[in-house]
Each structure stands twice: as structure tokens, then as C-alpha cells.
Amino acid sequence: MRFDNGEMTQEELANRAGCTRQTIIALEQGKYVPSIELAFRIAEVFGVSLEEVFQYKESS
Amino acid sequence: MAPLQKRALYSLIIGVVCAVALIGIFIAKGGVTTFDEDLGFRLVVYALWIGVPLAYLIVVNLTLRKPGQVDERDRLIMERAPRIQFLAVLFSLAAWVIVLTEVFSDQGQVPVIYLTLIMISTLIIGTIVSLSVS
């Protein structure tokens, strides 16, 4: 999704969403589940709805 | 480097410096026997015990003092670390109690130097666990 938004870097996304680059890395690797607030902020940065960025997958 | 990583690195440096200083002091002063006899030697070691936690507090404050440096994931990590640290320290103390009781139960007393060894091991375990969680 970052690449569909002007090749946005992890650092830039982190700054705009108000979190650290490490959190963005963990999110992209699926190692961290963000709070609702952070999820909304990230969706807002991309200008899309929450569901377009985050999808729920039931863990087995 | 992220603030949390900086804090972990500085903690590691403080731990290593403290360990090296302790070993160096013990070697330079003549070891455990001198520790028992020399008050000056003991005061230096006591100063280290108080100085290390103080240095750690200062480092934590300096690296994490700016607002917005720590996000929700960092806070989760920082909240989880003391819980795991507490358990690790508790188990290490239990191990010390069991071993010292079994070894020295016949004599009815434990040599004073073991207090220092317990303190060193607790610091090392606390630092290692904190770093591995961060």
C-alpha cells in the first residue's frame, strides 16, 4: 500500500501515523496487531477506509 | 536507532562496564579475602551497587524523555519486560536459596561474599532478560 502512495517510506508512514518505524516493520511482517486508534491513523494517511488496509484473519 | 533500542544498548553498556569494573576491582585488590577485610574495598563495591541503578535511571530518562518517542508497541514491550524480569529474578533467587541451604546447612551460616554474588547474578539476569524482551 505504501508503494501505491508515492513510494512512501516506512519512516515517512511512521512519522505521519505517529508511531515508530519499528512498529511499521512489525505491522508489515504481521508480527504486531495495532490498536484501533493506530489502525485508523494509518488508514487516514493512505486516505482509505480501515478495511482496505487491515483485514481480519482468524488464526488457526 | 529507535529510542527503545538505544535504551537497550546503553543498558548493555552499563552492565558490561559494571561487570568489568567489579572483576577489575576484585583482581586489583586481591580477591574475596581482601573483600572481607578491607572496608575501603567494600565501599567501592557498595558505590557500584548504588551507582549502576542510578546510571540506568539517568540513561532511561535521557533516551526516552522527549514526547512522542515511544509509541504503543514500545509501551507494550516496556510493560511486559518487568513482568518477565521479575519471574527470572525470582527463580534465580530461589536457585540461590536452595543451593546455599543445601551446601551450608551443616555449618548453619553462609559466607558474606555470597550476598555480593547474589547481587551480581541478579543484575546480570535482570539485564539479560530485559534485553531479550526488548
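Note: the structure precedes this text.
Residues numbered from 1 in each chain as written. Chains lettered and ligands numbered in written order. Predicted model: local features only at pLDDT ≥ 70, side-chain atom pairs only at ≥ 80, totals over all residues.

## What about the nonpolar core?
Residue and element names in this part refer to chain A.
Here is step 1: Of all hydrophobic cores here, the largest spans eight residues; its members are Leu13, Ala14, Ala17, Cys19, Ile24, Leu27, Ile42 and Val45.
Here is step 2: Listed by contribution, the elements that provide at least two residues to this core are α1 (10-17), α2 (21-28) and α3 (36-46).
Here is step 3: Looking at this core, the element that brings in the most residues is α1, giving three residues.
Here is step 4: In contact with Ile24, other than residues within four places in its own chain, are Gln10, Leu13, Ala14 and Cys19. (Core = buried A, V, L, I, M, F, W, Y, C linked by C-beta atoms within 7 Å. Buried ≥ 20, exposed ≤ 12 C-beta atoms within 10 Å, placed from the backbone. Helix = DSSP H or I, 4+ residues; strand = E, 2+ residues; numbered from the N terminus. Contact = placed C-beta atoms within 7 Å.)

## Observations regarding the interface of chain A and chain B
Here is step 1: Residue-level contacts link eight residues of chain A with five residues of chain B.
Here is step 2: Of the residues contributing to the side of chain A that touches chain B, the split by class is four nonpolar, four polar and no charged. (Nonpolar A, V, L, I, M, F, W, Y, C, P; charged D, E, K, R; others polar.)

## Description of the environment of B:Asn61
All names here are of chain B.
Here is step 1: Position of Asn61 among the secondary structure elements: in helix α3 (residues 39-63).
Here is step 2: On the neighbour-count criterion, Asn61 (9 C-beta atoms within 10 Å) is exposed.
Here is step 3: When the C-alpha positions of Asn61 and Arg7 are compared, they lie 9.3 Å apart, and in sequence the two are 54 residues distant.

## Quick look at the packing of helix α1 (residues 3-29) of chain B against helix α5 (residues 113-133) of chain B
All names here are of chain B.
Here is step 1: Two elements in contact, α1 and α5, have axes separated by 10 Å at closest approach and are oriented at 160°. One finds that α1 runs roughly antiparallel with respect to α5. For the element pair α1 and α5, the recorded crossing hand is left-handed. Contacts between α1 and α5 involve Ala8, Ser11, Leu12, Gly15 and Leu22 from the first element and Ile120, Leu123, Thr127, Ser130 and Leu131 from the second.
Here is step 2: Across the contact of α1 with α5, the residue classes break down as six nonpolar, four polar and no charged. (Axes fitted to C-alpha atoms, helices over the stretch in contact; angles between N-to-C directions. Parallel < 35°, antiparallel > 145°, perpendicular 65-115°, else oblique. Left-handed = near helix turned anticlockwise from the far one by under 90°.)

## Observations concerning the packing of α1(A) against α3(A)
Each pair of packed helices gets described by two things: the angle between the helix axes and the distance between those axes.
Residues and elements named next belong to chain A.
Here is step 1: Viewed as axis vectors pointing N to C, α1 and α3 meet at an angle of 115°, and their least axial separation amounts to 9 Å. For the crossing formed where α1 meets α3, the hand is right-handed. Where α1 approaches α3, its residues Leu13, Arg16 and Ala17 are matched on the opposing element by Leu38, Arg41, Ile42 and Val45.
Here is step 2: By residue class, the composition of the contact of α1 with α3 is five nonpolar, no polar and two charged.

## A look at the environment of B:Gln69
Here is step 1: Mapped onto the elements of the fold, B:Gln69 is located in the loop between α3 and α4 (72-104).
Here is step 2: Taking the C-alpha atoms as reference, B:Gln69 lies 6.6 Å from B:Pro3; in sequence the two are 66 residues apart.

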